[in-house]
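Residue-level structural notes
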Amino acid sequence: MTVRVRFAPSPTGIFHVGGARSALQNWVFARQHGGQFVLRIEDTDASRNRPEWVEGIISALDWIGIKRGTYEGPYFQSAYAEAHAAAAEQLYQAGRAYYCDCTREDVALRAPAGSQVRGYDGYCRDRNLPKGEKTALRFRTPDEGETVVVDLVRGRPTFDNATIEDFVIARADGSAVFLLANVVDDIAMGITHVIRAEEHLPNTPKQQMLWEALGHTPPVWAHVPVVVNEKRQKLSKRRDKVALEAYRDEGYLPAAMRNYLMLLGWAPRGDREIVPWEVIETEFRLEDVNPSPAFFDEKKLRAFNGEYIRALSTEEFIEACAPWLTGEVGGVRVAPWQPEEYDPAAFAAVAELAQTRVSVLSEVVNLVDFLFLPDDRLSIDEAAWEKATKDGAGDLLADVADAFAALSTWDAETLKSTVESVGAARGLKLGKAQAPVRVAVTGRSVGLPLFESLAVLGRERTQSRLRAAIDRYRAATPVTH
Ligand code: GLU
């Protein structure tokens, strides 16, 4: 048997990290079995059928490592409406389904007082209603017995057939509902294993009944754990950061992201979590996935990403930063400087220092903006400025500027010893002495190592920022001598 799996997202406008996790698990499973991965867009809800959303799914898959052209599809569920309706008709003809004209209110009125039983009561089962304008088609579920689902993650979830209502498979207009369309497509596409989120487990006994009623052997299922936040709530689009695109645009590396996503409910052998993708492809087993909810820990992901960033060569890091520095991210330019203000050589000179200090690539922008922004557009963090210049520490700026002016060389070591001795003359340790210089020149209190930064920025720009800071300091500080 050739393994065929599918990833079947409904377009929602974002690519949910939980979906990315399921897609990767399907992908790995297919690769391990020499099987085929199929992409099917479940777009029967016309309001969700937007071409840009579909492109978003394809490009998100691409980013995470499931490349366009290496899988089958995309197929579009909406293209198979006739096959779905035909399957409904087949079930009706075979006596496995019947027409029903009950409204929800009818069903509610018939329920015995105080009854907790919800769902359809089978009222139309034997009424032999013909198809009408207001008739839905219901599947006749068995009254007895059990439906046993073979699930690689959960063992054998077993459902008592008596608890499964006669569910609707086609609406009054003849269109099939999701449950049926999904099964018909899986059958047509020869799907052997359905790997999907736990949320769908309640649908599974019904879908398995449909597979059998349509004359096919059901697939093997794997319901992978729901992804939750730190409060153990299911990740929600409204409350949590769930869009893969948001992580991409923040500067997570796809390799870090996919490694992390595969750890939701699973771990490689040994005491390690950061592992090459090949190890995951070799070791991952659905049978080893923990069925309990998986915590999506953004802090851990961030730490992971930092490690992945540090593992890049400097050249790779420079290249990975390009969208934030010179290009576009999510269709917009993020760098606050103009393209002509950017100097690749200056960035290359500090790249190694930046690489050890960022957890996500977008952080690089604030680390290096002082190199590219012209003086009049470099904003100064007011709180940092107040703190660094208080108690007369700002007086040192003029001394530093004078000492810098006298230097015959302009390198990090010389700059450091200069500030050190200027500070010492005023009884200030290096840390205190460099603080006002840092804010004056970079606008911030934290950043790259200061003296390397000044060396790259150059004498002229450093001095002009120091002069502006001295003026600013004097204007704000009453003269006492
Ligand atoms: N379209 C469904 C969803 O996005 C997937 C159903 C399935 O995987 O069977 O949740």
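This text follows the structure it describes.
Residue indices begin from 1 for each chain and proceed along its sequence in written order. Only residues with pLDDT of at least 70 get local features here, since the model is predicted, and only at 80 or more are side-chain atom pairs given and counted; chain-wide, interface and lining totals rely on the full set of residues. Where side-chain values are given, they derive from all heavy atoms of the structure, hydrogens and water being excluded.

**Some points on the site of the ligand**
- Summary of the distance rule: residues count as near a molecule or strand when at least one heavy atom falls within 4 Å of that molecule or strand. Close contacts around the ligand come from Arg 6, Ala 8, Pro 9, Ser 10, Glu 42, Phe 178, Asn 182, Arg 196 and His 200, and that covers them all.
- Each polar contact in these results corresponds to two N or O atoms within 3.5 Å; when the atoms are within protein, one needs to be able to donate a hydrogen and the other to accept it, and residues that are neighboring in sequence are counted only if both atoms are side-chain atoms. Side-chain polar atom of Arg 6 to an oxygen atom of the ligand: 2.6 Å apart, as the coordinates give it.
- One nitrogen or oxygen atom from the side chain of Glu 42 is found 2.6 Å from a nitrogen atom belonging to the ligand.
- Protein burial of the ligand: of its 300 Å² of free accessible surface, 80% is covered by the chains. Exposure was quantified through the Shrake-Rupley algorithm and a 1.4 Å probe, taking into account, for residues, occlusion by the shown protein chains and nothing else.

**Considering the environment of Ser 359**
- Labels follow the DSSP assignment, with helices taken as runs of H or I lasting at least four residues and strands as runs of E lasting at least two, numbered in each case from the N terminus. With respect to the secondary-structure elements, Ser 359 resides in the loop between helix H12 (344-355) and helix H13 (364-372).
- The buried label applies to any residue whose accessible area, calculated with a 1.4 Å probe on protein chains only, is under 20% of its type's maximum; exposed applies above 50%, and partly exposed to all values in between. Exposure remark for Ser 359: the relative accessible area of 23% places this residue in the partly exposed category.
- Contacts: residue pairs with any heavy atoms within 4.5 Å of one another. Those residues in contact with Ser 359, other than ones at most four positions away along the chain, are Arg 302, Asn 305, Gly 306 and Ile 309.

**What to know about the packing of aromatic side chains**
- Side-chain rings of Phe, Tyr and Trp, where Trp is taken by its six-membered ring, are said to pair if the distance between their centres is within 6.5 Å; with planes under 30 degrees apart they count as stacked, over 60 as edge-to-face, and otherwise as tilted. Overall, the coordinates contain 15 aromatic pairs when judged by the stated rule.
- With 4.7 Å between their ring centres and 55 degrees between their planes, Tyr 342 and Phe 372 make a pair best called tilted. Pair noted here: Tyr 342 is in the loop between helix H11 (314-325) and H12 and Phe 372 is in helix H13, with a separation of 30 residues, a long-range link.
- Judged by its relative accessible area of 16%, Tyr 342 is buried.
- Here Phe 372 falls in the buried class, since its relative accessible area comes to 2%.
- Here the aromatic cluster, defined as three or more aromatic residues joined through ring pairs, consists of Tyr 247, Tyr 252, Tyr 260, Phe 296 and Phe 304.
- Positioned over the ring face of Tyr 120 is Arg 138, at 3.6 Å from the centre of the ring.
- Above the face of the Trp 385 ring, Arg 472 is positioned so that its terminal group lies 5.0 Å from the ring centre. A ring is scored as having a charge over it whenever the NZ atom of a lysine or the CZ atom of an arginine sits within 6 Å of its centre and within 35 degrees of its normal.

**Things to note about the nonpolar core**
- Counting residues in each nonpolar core, the largest one holds 109 residues, and the members touching the most others are Leu 244, Met 257, Leu 261, Phe 296, Phe 317, Phe 347 and Val 368.
- Looking at this core, the element that brings in the most residues is helix H1 (residues 17-32), giving 8 residues.
- Those residues in contact with Phe 296 that lie beyond four places of it in its chain are Val 17, Val 227, Val 228, Leu 235, Tyr 247, Met 257, Tyr 260, Leu 261, Leu 264 and Leu 301. As used in this record, nonpolar core signifies buried Ala, Val, Leu, Ile, Met, Phe, Trp, Tyr and Cys residues forming a set joined through side-chain atoms within 4.5 Å.

**Quick word on helix H5 (residues 178-188)**
- Of all 11 residues in H5, 9 are buried; the element is thus mostly enclosed.
- Residues Leu 179, Leu 180, Ala 181, Asn 182, Val 183, Val 184, Asp 185, Asp 186 and Ile 187 constitute the buried set of H5.
- Residues of H5 that are buried sit in contact with strand E1 (4-7), strand E2 (36-41), helix H3 (81-93), strand E8 (168-170), strand E9 (193-197) and helix H6 (204-213).

**Thoughts on the pairing of strand E5 (residues 136-139)**
- What you see with E5 is no split at all: Ala 136 and Arg 138 on one side and Leu 137 and Phe 139 on the other are buried throughout.
- Should DSSP find at least two bridges between two strands, the strands are regarded as paired. In terms of strand pairing, strand E4 (residues 97-100) meets E5 through 4 bridges, oriented antiparallel. Note that in E5 the partner of Cys 100 across the bridge is Ala 136.

**Things to note about the packing of helix H16 (residues 412-425) against helix H17 (residues 430-442)**
- Helix axes use the C-alpha atoms of the stretch in contact, all axes being lines fitted to C-alpha atoms, and the angles between their N-to-C directions lie in the range 0 to 180 degrees. The contact between H16 and H17 brings their axes to 9 Å, and the two run at 110 degrees. Looking at the two axes, H16 sits roughly perpendicular to H17. Note on element contacts: H17 touches H16 through Leu 430, Ala 433 and Gln 434, opposite Lys 416, Val 419, Glu 420 and Gly 423.
- Across the contact of H16 with H17, the residue classes tally to 3 nonpolar, 2 polar and 2 charged. Our angle categories are set so that under 35 degrees counts as roughly parallel, over 145 as roughly antiparallel, 65 to 115 as roughly perpendicular, and the remainder as oblique. Note that Gly is not counted as nonpolar here; it falls among the polar residues with everything else outside the nonpolar set of Ala, Val, Leu, Ile, Met, Phe, Trp, Tyr, Cys and Pro and the charged set of Asp, Glu, Lys and Arg.

**Concerning the sheet that holds E5**
- Strand order in the open sheet made by the 3 strands is E4-E5-E8, with antiparallel pairing throughout. Sheet topology places E4 and E8 at the edges, where each strand pairs with a single neighbour. Strand-to-strand twist across the sheet, computed as the mean angle between neighbouring axes with direction ignored, equals 45 degrees.
- In the sheet, E5 pairs with E8 via 2 bridges, with the strands oriented antiparallel. Bridge pairing in E8 links Arg 138 to Val 168.
- In the packing of H3 onto the sheet, contacts are made with E4, E5 and E8, and the angle to E4 comes to roughly 100 degrees.

**A closer look at the pairing of E9**
- A large share of E9 lies buried, amounting to 5 of its 5 residues.
- As defined by bridge partners, E9 adjoins strand E10 (residues 220-224) across 5 bridges and the pair is classed as parallel. Bridge pairing in E10 links Ala 197 to Val 224.
- With H6 bridging E9 and its parallel neighbour E10, the resulting β-α-β unit is right-handed. Seen with the strands pointing away from the viewer, any crossover whose path from the first strand over the helix to the second strand runs clockwise is right-handed.

**Here's the deal with unusual backbone geometry**
- For the bond running from Gly 73 to Pro 74, omega is 10 degrees, close enough to zero to count as cis.
- As for its placement among the helices and strands, Pro 74 is situated in strand E3 (residues 72-76).
- Here Arg 232, not a glycine, exhibits a phi torsion of approximately 65 degrees, which is positive.
- Within the fold, Arg 232 resides in the loop between strand E11 (227-228) and helix H7 (244-250).

**A few points about helix H2 (residues 51-64)**
- Here H2 is 14 residues long and its end C-alpha atoms lie 20 Å apart, about the 20 Å a rise of 1.5 Å per residue gives.
- Trp 53, Val 54, Gly 56, Ile 57, Ile 58, Ala 60, Leu 61, Trp 63 and Ile 64 are the residues of H2 that are buried.
- Turning to H2, the residues buried within the fold contact E1, H1, E2, E3, H7 and helix H8 (254-262).
- Backbone geometry just downstream of H2 places Gly 65 in the positive-phi region, at approximately 115 degrees. Take the residue count of a helix, subtract one, and multiply by 1.5 Å to get its expected span.

**Brief notes about the side chain of Asp 166**
- Its place among the elements puts Asp 166 in the loop between strand E7 (158-160) and E8.
- In this structure Asp 166 comes out as buried when scored by relative accessible area, which is 5%.
- Within the local environment of Asp 166, its side chain forms a polar contact with the side chain of Tyr 98, the two groups lying 2.6 Å apart.
- One polar contact links Asp 166 to Arg 125, side chain to side chain, over a distance of 2.7 Å.
- In this structure Asp 166 touches Tyr 98, Tyr 120, Gly 122, Arg 125, Arg 138, Phe 139, Arg 140 and Thr 141, once residues within four positions along its chain are discounted.

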